[in-house]
Amino acid sequence: MRWFREGWGEGYLGTQTSTLAAVFEALLRLDGKNEKIELLREALLALASAERGFGNTHANRRAIAALLAYLEEATSADSPAQVSILGDGELRLGEKVKVAHTELKRDATTSVKVKSERELGARVRYTYLPDAPGDQVEPQAQGFIVDRTTTVIPKVGGPSTHFADEVGKRRRLALGDIVEIEARITSDADQHHVALVVPFAAGLEPLNPALKTAGAEARPSRPDSLDASYVQRLDHELRYYFTRLPRGTHRFYFRLRASTPGSYVHPAIRAEKMYNQDTRGRGAGMRIEVM
């Protein structure tokens, strides 16, 4: 499968796992009834783990596409199976239905009864909300160090003030104040396919200097230290995407206006490699009060 490739570089979206998955999917489309299909299925599944899936986002995507093709194209002589979930009916499996799923919304223990002559596998996923609010989020560095500094330019005039994100801190802004965000990301090695996400409190309105109607207050005091491959400006955050992120510290600037009175979580800044989320970083959460 590797052909002559001895390594899978950062700029190339490929691994031995994703290549096997692509070949498996192609063979399914050509001859899904071939008895050797089951061997390839088991070979692909053997490359996965409960903690990391198939290794990275690209491999996950290719493997899932191949397994979906298996469910569509392959035939199986497996005996029927029945899974009964207390309070939620039954799931039935057989030759045509190889996979079934259900979603439960409860906080109590769930009982499951299985009636089958063969071994079944199950994937269980939990979705939950953390106990602590977003302004209590602690920084984390796993390959990236990210942080955020804020400069407040008062609407009524006077000197600017500066503050860095601190866990649990509260900062007050006056209605109409201009806020300049400096987002920083540091990496000790060249990285590829990186996303930097800079969210901000709901009471702040983003200012886009690229608009023809934008005033001077929308323009940051300094330019970005590095041009992103793509920038997505949303109502609640800015997202910077990099095909390649050189080693070192890079700074990015944009402005907001305090537009809605209230007390809001100022969510933590975060970054990650888009195809290997084990390399990531997160800043601190805090709270912004617009008076």
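In case you missed it, the structure is sitting above this.
One structure accompanies this document, and this report is about it. (Residues numbered from 1 in each chain as written. Predicted model: local features only at pLDDT ≥ 70, side-chain atom pairs only at ≥ 80, totals over all residues. Heavy atoms only, no water.)

**Some thoughts on the overall build of the protein**
Line of reasoning, step 1. A tally of helices and strands in the protein yields three helices and 17 strands.
Line of reasoning, step 2. For a compact globule of 291 residues, the expected C-alpha radius of gyration is about 19 Å, and the protein comes in at 25 Å, more than 25% above that figure.
Line of reasoning, step 3. Taking all 291 residues of the protein together, 33% fall into the buried category.
Line of reasoning, step 4. Counting only contacts in the protein whose residues sit at least 6 apart along the sequence, the fraction spanning at least 24 positions is 73%.
Line of reasoning, step 5. By element, 51% of the accessible surface of the protein is carried by carbon and sulfur atoms, the whole surface being about 18,100 Å².
Line of reasoning, step 6. Averaging the positions of the 41 positive and the 38 negative side-chain charges in the protein gives two centres separated by 3 Å. (Helix = DSSP H or I, 4+ residues; strand = E, 2+ residues; numbered from the N terminus. Rg over C-alpha atoms; globule rule 2.2 N^0.38 Å. Buried < 20%, exposed > 50% of the residue type's maximum accessible area, 1.4 Å probe, protein only. Contact = heavy atoms within 4.5 Å. Areas by Shrake-Rupley, 256 points an atom, 1.4 Å probe, with all protein chains shown as cover. Lys, Arg positive; Asp, Glu negative; His and termini not counted. Charge placed at Lys NZ, Arg CZ, Asp CG, Glu CD.)

**A few points about the pattern of salt bridges**
Line of reasoning, step 1. Counted according to the given criterion, the structure contains 19 salt bridges.
Line of reasoning, step 2. The shortest N-O distance in the salt bridge between Arg-171 and Glu-166 comes to 3.6 Å.
Line of reasoning, step 3. We classify Arg-171 as partly exposed; its relative accessible area is 30%.
Line of reasoning, step 4. Here Arg-255 makes a salt bridge to Glu-180, at a shortest N to O gap of 2.8 Å. (Salt bridge = Lys/Arg side-chain N within 4 Å of Asp/Glu carboxyl O.)

**So, the sheet that holds strand S1 (residues 81-85)**
Line of reasoning, step 1. Across the sheet, three strands lie side by side as S2-S1-S3; this open sheet has antiparallel pairing. Single-partner strands in this sheet number two, and they are strand S2 (90-93) and strand S3 (112-116). Sheet twist, expressed as the average angle between the axes of neighbouring strands with direction ignored, equals 10°.
Line of reasoning, step 2. Here S1 runs beside S3; their pairing, made up of five bridges, is antiparallel. Each residue of the ladder has a partner; that of Ile-85, found in S3, is Val-112. (Pairing = 2+ DSSP bridges. Axes fitted to C-alpha atoms, helices over the stretch in contact; angles between N-to-C directions.)

**Considerations on the nonpolar core**
Soluble globular proteins: nonpolar side chains tend toward being buried together.
Line of reasoning, step 1. Counting 30 residues, the largest nonpolar core has Ile-185, Leu-196, Val-198, Leu-204, Tyr-240, Phe-242 and Phe-254 as the members making the most contacts within it.
Line of reasoning, step 2. Every element with two or more residues in this core is listed here: strand S5 (145-153), strand S8 (178-187), strand S9 (191-199), strand S12 (237-245), strand S13 (248-258) and strand S17 (286-290).
Line of reasoning, step 3. If near-sequence neighbours (up to four positions away) are discounted, Ile-185 is found in contact with Phe-144, Ile-145, Val-146, Val-194, Leu-196, Leu-245, Gly-248, Thr-249, His-250, Phe-252 and Ala-271.
Line of reasoning, step 4. Formed by 13 residues, the second largest nonpolar core is a distinct cluster that contains Leu-44, Ala-59, Ala-63 and Ala-74. (Core = buried A, V, L, I, M, F, W, Y, C linked by side-chain atoms within 4.5 Å.)

**Side note on the layout of surface pockets**
One water molecule sets the probe size; rolling that probe over the atoms shows where empty space is left.
Line of reasoning, step 1. What the largest pocket holds in volume is close to 2,600 Å³.
Line of reasoning, step 2. Ala-100, Gly-121, Ala-122, Arg-123 and Val-124 are, among the 46 residues lining the largest pocket, the residues nearest its centre.
Line of reasoning, step 3. The biggest single contributor to the lining of the largest pocket is helix H3 (residues 57-73), with six residues. (1 Å grid on protein atoms, 1.4 Å probe; cavity = no way out; pocket = protein on both sides within 12 Å on 5 of 7 lines; lining within 4 Å. Points joined across faces, edges and corners; volume = space filled by probe spheres on them.)

**A closer look at unusual backbone geometry**
Line of reasoning, step 1. Despite not being glycine, His-193 has its phi angle at roughly 55°, a positive value.
Line of reasoning, step 2. In this fold, His-193 is placed in strand S9.
Line of reasoning, step 3. Accessibility expressed as a relative area gives 15% for His-193, which makes it buried.

**A few points about the packing of aromatic side chains**
Line of reasoning, step 1. Applying the stated criterion across every chain, the model contains five aromatic pairs.
Line of reasoning, step 2. Geometrically, the ring pair formed by Phe-200 and Phe-254 is tilted, given 6.2 Å between the ring centres and 55° between the ring planes. Remark: Phe-254 occurs in strand S13 and Phe-200 occurs in the loop between S9 and strand S10 (204-207); sequence separation between them is 54 residues. With respect to burial, Phe-200 and Phe-254 carry one shared label: buried.
Line of reasoning, step 3. Taking the centre distance of 6.2 Å and the plane angle of 25° together, the rings of Tyr-230 and Tyr-241 count as stacked. Separated by 11 residues along the polypeptide, Tyr-230 in strand S11 (residues 230-233) and Tyr-241 in strand S12 bring together distant segments of the chain.
Line of reasoning, step 4. Judged by relative accessible area, which is 22%, Tyr-241 ranks as partly exposed.
Line of reasoning, step 5. Through pairs of rings, three or more aromatic residues link up here, namely Tyr-240, Phe-242 and Phe-252. (Phe/Tyr/Trp six-rings, centres within 6.5 Å; stacked < 30°, edge-to-face > 60°.)

**Digging into a nonpolar patch on the surface**
Line of reasoning, step 1. Together, Ile-64, Leu-68, Leu-71 and Val-99 make up an exposed nonpolar region whose accessible area comes to about 340 Å².
Line of reasoning, step 2. Within the fold, Leu-71 resides in helix H3.
Line of reasoning, step 3. Judged by relative accessible area, Leu-71 falls into the partly exposed class, the value being 30%. (Patch = residues over 30% accessible without salt bridge, like charges linked within 9 Å, V, L, I, M, F, W, Y side chains within 5 Å.)

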